[in-house]
Amino acid sequence: MPQAVTVKTLMEMKRKKTPIVSLTAYDFPFARIADEAGVDVLLVGDSLGMVVQGGASTLGVTMEEMIYHTRTVAKGAQRALVVGDMPFLSYQVSVSEAVYNAGRFLKEAGAAAVKLEGGAAVVDRIRAMTDAGIPVQAHIGLTPQSVHQLGGFRVQRDAERLLLDAEAVESAGAFSVVLEGIPKDIAKEITAALTIPTIGIGAGRECDGQVLVLHDMLGLTDGHLPKFVKQYGALRKNAVEGIATYVKEVREKIFPGDEHAY
Ligand code: KIV
């Protein structure tokens with residue numbers, strides 16, 4: 001088995017300028033598939049609230065749901081680093097609740113790290129978690145848990161603030177930072193300024209790595225996709241076609257054939 005990816009591996013990849021590949025996963029079979037395909041970091045994103053649960057935002061996702069999905073992903077990952085995404089209200093209320101909930105991802109779900117949203121505003125959480133031995137990936141720019149404060153899923157363009165946020169989370173001990181929905185020139189500047197890897201989503205190719213939402217990139221999502229998504233598959237179309245053929249064959253008594261009978 002190839003050597004498992006750790007937070008140290010990611011720092012080393014930045015140093016060697018090897019792009020880091022991250023992808024979301026929410027269950028055992030896709031964790032296995034993505035791990036086998038060579039993904040370095042499996043992020044159990046709270047995006048599951050939208051792509052798995054069918055919600056309009058990520059705000060309704062609970063700790064129990066995140067623990068459940070993270071546990072299934074951790075079982076499927078042999079090489080990739082598994083990062084559990086802290087859901088809304090699991091780290092905002094107090095530092096002690098934040099550390100406790102972050103610890104649950106490692107203790108109960110088998111994750112190796114957690115991710116939380118926010119820059120300078122959450123440095124006390126990041127510091128307390130890292131002091132407790134919990135590796136933290138930060139997430140700045142378009143932070144979906146703040147969708148109502150941001151006035152929608154909008155590209156974030158305040159270069160000065162983004163750089164300050166990035167430097168703040170690095171100083172607080174984050175091992176990496178997700179840059180979501182920011183202009184590529186700002187992402188390039190932040191990437192050059194930091195010693196920790198930047199992982200972009202809608203932030204251009206100059207980040208140290210990329211992350212995408214699994215269902216979006218495999219063509220499973222039904223409906224609007226952001227501009228930054230590239231589709232590498234057409235799984236929804238394939239599934240509809242396959243299931244429609246099954247429906248037809250059952251109705252016409254083609255399936256099961258003799259070869260499927262005892
Ligand atoms: O929840 C998620 O999937 C994420 C990624 C889009 C970075 O936060």
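Just so you know, these numbers come straight off a predicted model, no measurement behind them. (Residues numbered from 1 in each chain as written. Predicted model: local features only at pLDDT ≥ 70, side-chain atom pairs only at ≥ 80, totals over all residues. Heavy atoms only, no water.)

1. So, the overall build of the chain
Item 1. If you tally the helices and strands in the chain, you get eleven helices and eight strands.
Item 2. Taking 18 Å as the expected radius of gyration for a compact globule of 262 residues, we find that the chain reaches 20 Å, a close match to that expectation.
Item 3. When its C-alpha atoms are laid out on the principal axes, the chain stretches across 65 × 40 × 35 Å.
Item 4. Counting over 262 residues, the chain shows a buried share of 47%.
Item 5. Of the accessible surface of the chain, which amounts to about 13,600 Å², a share of 56% is contributed by carbon and sulfur atoms.
Item 6. Each charge class in the chain was averaged separately, 27 positive and 31 negative side chains, and the resulting centres sit 3 Å apart. (Helix = DSSP H or I, 4+ residues; strand = E, 2+ residues; numbered from the N terminus. Rg over C-alpha atoms; globule rule 2.2 N^0.38 Å. Buried < 20%, exposed > 50% of the residue type's maximum accessible area, 1.4 Å probe, protein only. Areas by Shrake-Rupley, 256 points an atom, 1.4 Å probe, with all protein chains shown as cover. Lys, Arg positive; Asp, Glu negative; His and termini not counted. Charge placed at Lys NZ, Arg CZ, Asp CG, Glu CD.)

2. Points about the sheet that holds strand β8 (residues 209-212)
Item 1. Spatially, eight strands are ordered β1-β2-β3-β4-β5-β6-β7-β8 in a closed barrel, and the strand pairing comes out parallel. Each strand axis lies, on average, 25° off the axis of its neighbour in the sheet, ignoring direction.
Item 2. Summarising the sheet, strand β2 (residues 41-44) and strand β3 (residues 81-85) pair through four bridges and their orientation is parallel. Residue pairing across strands places valine 44 opposite glycine 84, the latter belonging to β3. (Pairing = 2+ DSSP bridges. Axes fitted to C-alpha atoms, helices over the stretch in contact; angles between N-to-C directions.)

3. Some thoughts on the domain arrangement of the chain
Item 1. Assigned domains within the chain: domain 1 (7-231) and domain 2 (235-262).
Item 2. For domain 1 versus domain 2, the distance between C-alpha centres works out to 39 Å. (Domains from an automatic or database assignment.)

4. Things to note about helix α6 (residues 123-131)
Item 1. Listed in full, the buried residues belonging to α6 are Val123, Arg125, Ile126 and Met129. Axial view of α6: buried residues confined to an arc of 155°, hence all on one face.
Item 2. Where α6 is buried, its residues touch α5 (95-107), β4 (113-115), β5 (136-141) and α8 (159-172).
Item 3. In the stretch just after α6, glycine 133 is the one whose phi turns positive, near 85°. (Arc of directions from axis to C-beta. Contact = heavy atoms within 4.5 Å.)

5. Some remarks on the pattern of salt bridges
Item 1. Applying the stated rule across the entire model yields twelve salt bridges.
Item 2. Note that aspartate 208 and lysine 14 form a salt bridge whose closest N and O atoms lie 2.8 Å from each other. Pair noted here: aspartate 208 is in the loop between β7 (198-201) and β8 and lysine 14 is in helix α1 (residues 7-16), with a separation of 194 residues, a long-range link.
Item 3. Residue aspartate 208 is classed as buried on the basis of its relative accessible area, which comes to 14%.
Item 4. For lysine 14, a relative accessible area of 14% translates into the label buried.
Item 5. Here the salt bridges share partners, and the residues they tie into one network are Glu12, Arg15 and Lys16. (Salt bridge = Lys/Arg side-chain N within 4 Å of Asp/Glu carboxyl O.)

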